[in-house]
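What the coordinates show
Each chain, written out:
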Amino acid sequence: MSSFAIAFVWLLSNMCCAQSAGEPPEVRTGIDTIYVRSTQWPSTEKDELILCRQGKVTTLYTLFTADGSSITFLFSAGDHTSGYNCFEVYNNAGGGSSYIFYNKARQCLYITYGTYEEFDPIPASVDFEKQEVLLKNRYSAPVPADTLYIGRETGYIVSKSPVIRVEFKEINQKQHSNVD
């Protein structure tokens, strides 16, 4: 293969990597935003929760994994100054998820205590004063009035209850998690 062809392949591969790892358009326009940046190597991956506020980029949370676990944006509630964002931290080895909440007004990051199989947060139920959220079973009927209280139980949690009430805790920025 000629040196020109090798240089062209190298340039093309670097352009593709730069596009896939690039910042979302909101970051370039100066709007405060939070997003997930993923980096992959042959034997491991890294997902970072990135905050861009007033032009300053900060890593809020980092997940190192070798099994395909990931951080995914789920939803945003409220406005851009007083609302919050919710992210799923999926544990591929266990098949369950923890949830991260970023409170924009307080500029604080929170994470649920346990890992929950087949449960998702109910957006209107997030309570930063009590540090609680209701999680709804993905396969259940409409939300009932009764809930199962899980609280601060850690570990892998499986439940047949349609809704569970769980607590979350504030975590330091630049928190690192290794999931195998």
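Below, the structure is looked at part by part. (Residues numbered from 1 in each chain as written. Predicted model: local features only at pLDDT ≥ 70, side-chain atom pairs only at ≥ 80, totals over all residues. Heavy atoms only, no water.)

1. Examining the overall build of the chain
Within the chain one finds 2 helices and 14 strands. Taking all 180 residues of the chain together, the buried fraction comes to 39%. Sequence separation of 24 or more characterises 43% of the internal contacts of the chain that already satisfy a separation of 6 or more. With an accessible surface of roughly 10200 Å², the chain has 53% of that area assigned to carbon and sulfur atoms. (Helix = DSSP H or I, 4+ residues; strand = E, 2+ residues; numbered from the N terminus. Buried < 20%, exposed > 50% of the residue type's maximum accessible area, 1.4 Å probe, protein only. Contact = heavy atoms within 4.5 Å. Areas by Shrake-Rupley, 256 points an atom, 1.4 Å probe, with all protein chains shown as cover.)

2. Let's talk about the pairing of strand β2 (residues 45–53)
Within β2, 7 of the 9 residues are buried, which leaves the element mostly enclosed by the surrounding structure. Taken together, strand β1 (residues 33–40) and the strand that follows it, β2, pair antiparallel across an intervening segment of 4 residues. In the sheet, β2 pairs with strand β3 (residues 56–65) via 9 bridges, with the strands oriented antiparallel. Along β3, the bridge assignment pairs Ile-50 with Thr-59. (Pairing = 2+ DSSP bridges.)

3. Focus on the nonpolar core
Tyr-84, Phe-101, Tyr-116 and Leu-135 are the most contacted members of the largest nonpolar core, which totals 19 residues. Those elements giving two or more residues to this core turn out to be β4 (70–77), β5 (84–91), β6 (96–103), β7 (108–112), β10 (132–137) and β13 (163–171). Sorting elements by how many residues they give to this core places β13 first, with 3 residues. Among all residues touching Tyr-84, those that are not within four sequence positions of it are Phe-75, Ser-76, Ala-77, Phe-101, Tyr-102, Asn-103, Lys-104, Pro-123, Val-126 and Phe-128. Residues Leu-63, Ile-71, Leu-109 and Ile-171 belong to the second largest nonpolar core, which totals 14 residues. (Core = buried A, V, L, I, M, F, W, Y, C linked by side-chain atoms within 4.5 Å.)

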